[in-house]
Amino acid sequence: MTEKLILNEDRFFDSDPKIRGVARELYEGIKDLPIISPHGHTDPRWFAENQPFPDPTELIVIPDHYVFRMLYSQGISLESLGIPTLDSSPVEQDRRKIWQLFADNFHLFLGTPTGIWLNHEFFTVFGIAEKLNGKSAQRIYDQIQEKLQSPDYLPRAMFDRFNIEAISTTDAAADSLEHHDTIRKSDWNAKIVPSFRPDGVVNGLHTDNWRQNIKDLSKASGIDIGSYATYIKALEQRREFFKSRNATSTDHAVLEPYTHELASGEVNAIFQRALKGRASGEDAAQFTAHMLMELARMSIEDGLVMQIHPGSYRNHNKTVAKKFGLDKGGDIPVRTEYTFNLHELLNRYGNDPRLTLVIFNLDESANSRELAPLAGHYPAVKLGPPWWFFDSLEGMTRFRQSVIETAGFYNTVGFNDDTRAFASIPARHDLSRRIDSNFLAGLVARHIIDMDEAQSLSRALAYDLAKETYKL
Amino acid sequence: MTEKLILNEDRFFDSDPKIRGVARELYEGIKDLPIISPHGHTDPRWFAENQPFPDPTELIVIPDHYVFRMLYSQGISLESLGIPTLDSSPVEQDRRKIWQLFADNFHLFLGTPTGIWLNHEFFTVFGIAEKLNGKSAQRIYDQIQEKLQSPDYLPRAMFDRFNIEAISTTDAAADSLEHHDTIRKSDWNAKIVPSFRPDGVVNGLHTDNWRQNIKDLSKASGIDIGSYATYIKALEQRREFFKSRNATSTDHAVLEPYTHELASGEVNAIFQRALKGRASGEDAAQFTAHMLMELARMSIEDGLVMQIHPGSYRNHNKTVAKKFGLDKGGDIPVRTEYTFNLHELLNRYGNDPRLTLVIFNLDESANSRELAPLAGHYPAVKLGPPWWFFDSLEGMTRFRQSVIETAGFYNTVGFNDDTRAFASIPARHDLSRRIDSNFLAGLVARHIIDMDEAQSLSRALAYDLAKETYKL
Amino acid sequence: MTEKLILNEDRFFDSDPKIRGVARELYEGIKDLPIISPHGHTDPRWFAENQPFPDPTELIVIPDHYVFRMLYSQGISLESLGIPTLDSSPVEQDRRKIWQLFADNFHLFLGTPTGIWLNHEFFTVFGIAEKLNGKSAQRIYDQIQEKLQSPDYLPRAMFDRFNIEAISTTDAAADSLEHHDTIRKSDWNAKIVPSFRPDGVVNGLHTDNWRQNIKDLSKASGIDIGSYATYIKALEQRREFFKSRNATSTDHAVLEPYTHELASGEVNAIFQRALKGRASGEDAAQFTAHMLMELARMSIEDGLVMQIHPGSYRNHNKTVAKKFGLDKGGDIPVRTEYTFNLHELLNRYGNDPRLTLVIFNLDESANSRELAPLAGHYPAVKLGPPWWFFDSLEGMTRFRQSVIETAGFYNTVGFNDDTRAFASIPARHDLSRRIDSNFLAGLVARHIIDMDEAQSLSRALAYDLAKETYKL
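Residues numbered from 1 in each chain as written. Chains lettered and ligands numbered in written order. Predicted model: local features only at pLDDT ≥ 70, side-chain atom pairs only at ≥ 80, totals over all residues. Heavy atoms only, no water.

Q: Sorry, what's going on with the overall build of chain A here?
A: Of regular secondary structure, chain A possesses 20 helices and eleven strands. When its C-alpha atoms are laid out on the principal axes, chain A stretches across 75 × 60 × 45 Å. Every one of the 472 residues in chain A was classed for burial, and the buried ones make up 66%. Partitioning the intrachain contacts of chain A with sequence separation of at least 6 by distance along the chain shows that 77% fall at a separation of at least 24. A distance of 2 Å separates the average location of the 53 positive side-chain charges in chain A from that of its 65 negative side-chain charges. (Helix = DSSP H or I, 4+ residues; strand = E, 2+ residues; numbered from the N terminus. Buried < 20%, exposed > 50% of the residue type's maximum accessible area, 1.4 Å probe, protein only. Contact = heavy atoms within 4.5 Å. Lys, Arg positive; Asp, Glu negative; His and termini not counted. Charge placed at Lys NZ, Arg CZ, Asp CG, Glu CD.)

Q: Even after reading the chapter, I still don't get the relation of the copies chain B and chain C, so can you show me in this structure?
A: Here the second copy of the chain follows from the first by a rotation about an axis and a shift along it. Overlaying chain B with chain C gives an RMSD of 0.0 Å, the required rotation being 120° about an axis along which the chain moves by 0.0 Å. Accordingly, the operation relating the two chain copies is best matched by a three-fold axis. When the interface residues of chain B are mapped onto chain C, a mere 6% of them are again interface residues, pointing to distinct binding faces. (Least-squares fit on C-alpha atoms with pLDDT ≥ 70 in both.)

Q: What should I look at first to understand the interface of chain A and chain B in this one?
A: Note: interface size is frequently given as the accessible area lost on complex formation between the parts. Listed as interface residues are 50 residues of chain A and, on the opposing side, 43 residues of chain B. For the pair chain A and chain B, the two sides together bury roughly 3900 Å², of which 53% comes from carbon and sulfur. Counting the surface chain A buries against chain B, the share from its top three residues, L110, H316 and R335 of chain A, is 17%. The interface formed by chain A and chain B includes four salt bridges. Among the ionic pairs, K131 of chain A bridges to E453 of chain B, the shortest N-O distance being 2.8 Å. For the pair chain A and chain B, the number of links is 31 residue pairs in polar contact (both at pLDDT 80 or more). Mapped onto the side of chain A that touches chain B, the elements with two or more residues apiece are helix 1 (17-30), helix 4 (65-73), helix 6 (113-125), helix 15 (318-324), strand 9 (332-333) and helix 18 (393-407) of chain A. (Buried area = accessible area lost by both parts, 1.4 Å probe. Salt bridge = Lys/Arg side-chain N within 4 Å of Asp/Glu carboxyl O. Polar contact = N/O pair within 3.5 Å; in protein donor to acceptor, adjacent residues only side chain to side chain.)

Q: Mind showing me how you'd approach the pattern of salt bridges here?
A: Side chains that differ in charge, positive against negative, can pair when their charged atoms come close. All told, the structure shown has 104 salt bridges over all chains when counted by the stated rule. A salt bridge links D363 of chain B to R369 of chain C; the nearest nitrogen and oxygen atoms lie 2.9 Å apart. With D363 of chain B in the loop between strand 10 (357-359) and helix 17 (365-375) and R369 of chain C in helix 17 (residues 365-375), this residue pair bridges two chains. Comparing D363 of chain B with R369 of chain C, the two get one shared label, buried. Between E49 of chain C and R45 of chain C there is a salt bridge, and its shortest N-O distance comes to 3.2 Å. In this pair, E49 of chain C and R45 of chain C both sit in helix 2 (residues 44-49), four residues apart, roughly one turn of the helix. Residue E49 of chain C is classed as partly exposed on the basis of its relative accessible area of 40%. Each of E3 and K131 of chain A together with D450 and E453 of chain B takes part in one network of salt bridges that share partners.

Q: Just to check I follow, could you spell out the interface of chain B and chain C for this structure?
A: Counting residues at the interface gives 50 residues for chain B and 43 residues for chain C. Between chain B and chain C, roughly 3900 Å² of surface is buried when both sides are summed, and carbon and sulfur atoms account for 53% of that area. It is L110, H316 and R335 of chain B that lose the most area in chain B upon contact with chain C, and together they represent 17% of the buried surface on that side. Taken together, the connections running from chain B to chain C amount to four salt bridges. Taken together, the links from chain B to chain C amount to 30 residue pairs in polar contact (both at pLDDT 80 or more). Residues that form the side of chain B that touches chain C fall into these classes: 19 nonpolar, 16 polar and 15 charged. (Nonpolar A, V, L, I, M, F, W, Y, C, P; charged D, E, K, R; others polar.)

Q: Whenever I open this one, the relation of the copies chain A and chain B confuses me. Can you help?
A: Taken as rigid bodies, chain A and chain B are interconverted by a rotation of 120° and an axial shift of 0.0 Å, the fit giving an RMSD of 0.0 Å. Taken as a fraction of all interface residues of chain A, those also at the interface in chain B reach only 6%, which identifies the copy contact as different-surface.

Q: Explain helix 1 (residues 17-30) of chain B here, please?
A: Every α-helix carries 3.6 residues per turn, so stepping three or four residues along brings you back to the same face. All names here are of chain B. Helix length check: helix 1 (14 residues) gives 20 Å between terminal C-alpha atoms against 20 Å at 1.5 Å per residue, within 8%. Residues I19, R20, V22, A23, L26, Y27 and I30 constitute the buried set of helix 1. Looking down the long axis of helix 1, one finds its buried residues gathered within 165° of arc, a one-sided arrangement. Structural note: helix 1 exposes P17 and G29 on the side pointing more than 90 degrees away from its buried face. (Expected span 1.5 Å × (residues − 1). Arc of directions from axis to C-beta.)

Q: Just to check I follow, could you spell out the confidence of the model for chain A for this structure?
A: Note that predicted coordinates carrying low pLDDT should not be read in detail. For chain A, per-residue confidence averages 97 on the pLDDT scale, and residues scoring 70 or more make up 100% of the total. In the predicted assembly, ipTM is 0.97 and pTM is 0.98. (pLDDT = per-residue confidence, 0-100.)

Q: How should the side chain of D417 of chain A be read in this particular structure?
A: All names here are of chain A. With respect to the secondary-structure elements, D417 resides in the loop between helix 18 and helix 19 (425-445). Buried charged residue D417 carries no salt bridge. Nearest counter-charge: R428, at 6.0 Å. Side chain to side chain, D417 and S37 meet in a polar contact 2.7 Å long. A distance of 2.8 Å separates polar atoms of two side chains, one belonging to D417 and the other to H429. Other than its neighbours up to four places away in sequence, D417 contacts S37, H39, G40, D391, I425, R428 and H429.

Q: Please clarify how unusual backbone geometry should be interpreted in this entry.
A: Backbone geometry follows two general trends: most residues other than glycine have a negative phi, and most peptide bonds adopt the trans configuration. The backbone of W388 of chain A sits at a positive phi, close to 65°, despite the residue not being glycine. Considering the arrangement of structural elements, one finds W388 of chain A in the loop between strand 11 (381-383) and helix 18. You can call W388 of chain A buried: its relative accessible area is 9%. Its identity is not glycine, yet K471 of chain B carries a phi of approximately 55°, on the positive side. Judged by relative accessible area, which is 45%, K471 of chain B ranks as partly exposed.

Q: What exactly am I supposed to notice about the sheet that holds strand 1 (residues 35-37) of chain B here?
A: The strands that make up a sheet are held in pairs by hydrogen bonds between backbone atoms, and each pair lies either parallel or antiparallel. Residue and element names in this part refer to chain B. If you trace the three strands from one edge of the open sheet to the other, you get 1-2-4, paired in parallel fashion. Of all strands in the sheet, those with a lone pairing partner are strand 1 and strand 4 (192-193), marking the two edges. Relative to strand 4, strand 2 (residues 164-168) runs parallel, the two being bridged by two bridges. Bridging across to strand 4, S168 finds its partner in V193. In this fold helix 19 (residues 425-445) packs onto strand 1 and strand 2, with an angle of close to 105° to the strand it touches most, strand 1. (Pairing = 2+ DSSP bridges. Axes fitted to C-alpha atoms, helices over the stretch in contact; angles between N-to-C directions.)

Q: Can you help me understand the pairing of strand 7 (residues 305-310) of chain B in this one?
A: All names here are of chain B. Burial analysis of strand 7 places six of its six residues in the buried class, the great majority of the element. Residues V305, Q307 and H309 of strand 7 are buried on one face, and the alternating residues M306, I308 and P310, pointing to the opposite face, are buried as well. Both strand 6 (residues 249-254) and strand 7 contribute to a ladder of six bridges, which runs parallel. Following the sheet pairing, V254 is matched in strand 7 by P310. Where strand 7 and strand 10 come together, three bridges link them in parallel fashion. Within the sheet, the bridge partner assigned to I308 lies in strand 10 and is I359.

Q: I would appreciate a short explanation of the packing of aromatic side chains in the present structure.
A: The geometry of an aromatic ring pair is captured by the separation of the ring centres together with the interplanar angle, meaning the angle of the planes. A full pass over the atoms with the stated rule returns 97 aromatic pairs over all chains. Pairing F340 of chain A with Y313 of chain C gives two aromatic rings, centres 5.2 Å apart and planes at 55°, and the pair type is tilted. Of this pair, F340 of chain A sits in the loop between strand 9 and helix 16 (343-349) while Y313 of chain C sits in strand 8 (residues 312-313), which puts the two residues in different chains. Seen from the ring of Y27 of chain A, R434 of chain A lies directly overhead, with NZ or CZ sitting 4.2 Å from the centre. One Lys or Arg, R161 of chain B, reaches over the ring of Y153 of chain B and ends 4.8 Å from the middle of that ring. (Phe/Tyr/Trp six-rings, centres within 6.5 Å; stacked < 30°, edge-to-face > 60°. Lys NZ or Arg CZ within 6 Å of the ring centre and 35° of its normal.)

Q: Honestly, the environment of L472 of chain C in this entry has me stumped. Any pointers?
A: Residue and element names in this part refer to chain C. In this fold, L472 is placed in the segment after helix 20 (451-469). Each C-alpha atom, one on L472 and one on V193, is 9.2 Å from the other, the two residues being 279 residues apart in sequence. Those residues in contact with L472 that lie beyond four places of it in its chain are I36, P38, A166, K191, V193, T248 and K467.

Q: In this structure, what is going on with the side chain of K131 of chain B? I would like to understand it.
A: Assignment of secondary structure puts K131 of chain B in the loop between helix 6 (113-125) and helix 7 (137-148). By relative accessible area, which is 11% here, K131 of chain B ends up buried. A polar contact is formed between the side chain of K131 of chain B and the side chain of D450 of chain C, at a distance of 2.3 Å. Within the structure, K131 of chain B has its side chain in polar contact with the side chain of E453 of chain C (distance 2.9 Å). In this structure, K131 of chain B is in contact with E3, K4, L5, S136 and I140 of chain B together with D450, D452 and E453 of chain C, ignoring residues within four places of it in sequence.

Written out as structure tokens, the structure is:
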């Protein structure tokens, strides 16, 4: 009665024998390359403290909004999945019961990347040999639980086994980076670097949160932020601090990638209003546009690679956000314009080869229309890999099909896993490597490129481009 | 000299033998399932009166704007195709001459779904064994004409032979549903239910049409509509009436899916202006946005599934609309935004599992960007099948490729034929079943899902999801 | 050590044997048809003077912004590529050194249409048998250089060998067409016709350029342009002049395809402001919208096919434009709306079968949503082939996949090469013919059309549609 979980060796490759054969050969050549993970959300504390993950539910279900958003979409309450509430109102505490609910509904993930990653993780990381469903749920829980308590499944052991050469976390401007320090000072030799994500002090300056974040930034930098000038100084100081902890990049999430430098009087006035809690939403939008200009200037000066993640309407579902907090699966993409929005930044800084600007995107219609043409012209612009909903078999394939002809391969930057689901990292890189192998195989099969060219590109996409672009 | 019309048994399947083999096996398993048709435009009068369709031209050419828009686009006048004029100015009356013109230009439909459906209809419904072209035109006309006069081709006989388990028509708010009553009271046992489409009293309240429709609604409901409150009461009363006639759903066509609840004073003021013929276009847009909120509330209360069909600029060609009336092939889609537009409705009602909101879409760029993420999060949201221009081989394939990875299969609702071309219903469901079989076969061939999973999904897409979502 | 450059006979065809076999058969049937090139940017002077092209670098690298934009995107300066500066500041003059730089970076073109065209050109036009790279650079330079000095590589000889039946150049309103006259009066019998592109006097009427162009137009037409009425008269006169030189079409580049007829007083006022150098950017936008209406009216009257190329933000990179001039690879597409923008023009003129309006597009999201529905309804509307960034293997394939089901094949107009890279013309038409053969083969393999239908369509796409639509 047990259904076996077997990962076919040729999975995700085109079924045409010609393409499949080439894809397999390309994949064989790069599958064991170390993992470069230049943008993600793993918690440095895991590696600093190296404590066991408590149980399968807390490792796999509760922290992963990719998982629980799908269950929620089918009417399963977040309370029943154990997602903690902000007001500490009660939620399901029985880890096995939550796991059972997840397993009962595992068919919802058929055909989704989450389903693909989880099966890979179960099979490869935890050695599970049967499919997850309502019947096998508790047996599988037991197996994972047992593993998690062994030394081989401590965070550092997994990190080493995953063959991760370098990973970058994502850290707020005021972060102490203490866990990074602990790791660096330990006898464990792993490259775990921070990246500088100052969203909390760049966006939303009309909110109370922003004022709190400015206080934290003052404290962290030791600079009393009473003016725009001291604010800039504090940011520059923090960037230096991050660099001293081996950071090589920054990251900026914005709704619209609008860029515009404000006159000095204007930006000072907005900043003062904000400090007094009198700034408007429009002030905030103008300030973010201005700061993208400033942050590009800083990147040219200090060499940190600049990333932009635009186009997500964060916390669209206010009911969920109010009860369970931010980042609970309710972020929804919006139409995103780049040609006009980036015009000022690119005219000011885009011709400067010292700037590397990696642009991510959630609006596929902009890929062939705006982003590939921008990357295929401006020296500074590089295209980030398909992000979030598009970090998928079809999404990655469409990305390659829509950008390579215009931007070429060398204006893309390899793969990012962008995940907080640590145990899914090998699965994500494996899927990406398979999809790129298959894409290149399609080019070989149609005689667009030769096998030796494909092999060289294959390695670039799996390893070289990420390492070089992000200076890791 | 005769070219044979043969429908290949493997038509529309990928030519790769691996995919084709699996597709064929999946299709075999579901091809004979009964048809569930939860949204369409067949005329209940046909089934109430059960009179023969008069002739091939009147069955196939004159009522079908999919057919005559393509002929018109190549410079063939609507008059020469017998499309009736509003002012009764003369049009071609010779049915055979129109049929000949249609047949002479049948090559225009090469590669189009209309061509695919018509060939299926000719072969399967009417037993035609040669291709339609200028030479075979009159022979084929004779064969169809002969069939139409036999009892086997009366509407009810065809309905039974098509194996239709349930069909929903689309009916105005003030409709008497008399034909539905006639069918229900007859000894013919068929499930033909109405659906509630109050567009005429919800949209365009700045027009004379709206005021006439309000009068009709007053009359039909027996409620004298002199205020917004009585208007709402009348709508609720009509929904109850539709439910008593077995309706399970409503439908709403809007240009933009903008949703916004107006303050009570505001909506009353707009309504009073409208009754007096003094409302503006902006009033109308605000009122529609408000009514989408109200209609969602009503759906939660009475359980009718709510459908939205946004994004069509109706009657774009005013010259044609003025001469021949509405719905004459001149409706053109527009760019459509969902994330911001639906924000208010979804925040108010989207977390309520009592609401089922089926969203249709004519802007493919929104599928992966906005609709799949919304459906993959909000419990109320389900995605309607590809509609109109996208109810096609490539359109349905792209839909699956762009939404399943994010929304999963179970946030989609199976197939709708959405047609007034009765004899094309089996063709449309057959095409959909083939495309879904082929899509699933592609997943099996790449080892993304297993065969047993594919079989279960295959049945869900062909039958279960439509039946369950629409409560039929 | 030499890598061979071999063009596989089945290149660009799907690797599935069924599709490939049919594609090959279809391609064999049309590959030797003469080239119809109804829209492009070859310089008539080449054919009038028939002088040798000076060297490989000046033929292939310097004039082709497709080539140097990609090199520039990777940090290679335009100066080092010999692109002339406006202020005559020095740039690299050593042709061999530039060629070496180009060859050293030829891997940037892997997977791009530019790479495909260049390889075709090297192999087929110049008989090069090895791949271009840093090592082979100078040998290949020598071979091409030698060829260019032989009589077989003079412009007219190449034109004849390329089997070009008709080509249309693109010419400003005030152009004397002297080179066309020289060709026509020569003993060389080739069909090289002008097309009327009055952008310089239609767009940007708030700029000094416009006023200069109006002076040129006055001079060319012999009509003193002091009013809107004389301006219109001058345009009509020039159109007649172009027609007398065998022009069959016009072309109009606009940012937005907005159409709107201004009241006579309004347009006169704008025009007078413009003559005095006091027009605004908004005046210019309104005037262009108005002129699209006027130009459609003129096309109906004089029979010139009207082309619109919308959606490009010209010279986005002002730094490059300021130093090197216009059209240096820095044009970036923008989101483009058609349904509302073309509403007025189509309602006024779109039902008139005397008008042929060929619409080009750089926003793929509009193809299935707006353009195919418009072309599948309005008699005047035809869809131009995929343009610029989309004149590529994937771009052309997506175009067919997204428009044919709605617009049919016969509302498209075959292929345009749209190039100033003369020696790439055979490569571009060959790629297009291969892609269309492959697309049709896919339809045959899935039993959507029959082989005889595919053969007829194949010829239409490669030859007939361009010839008929453009009246060549």
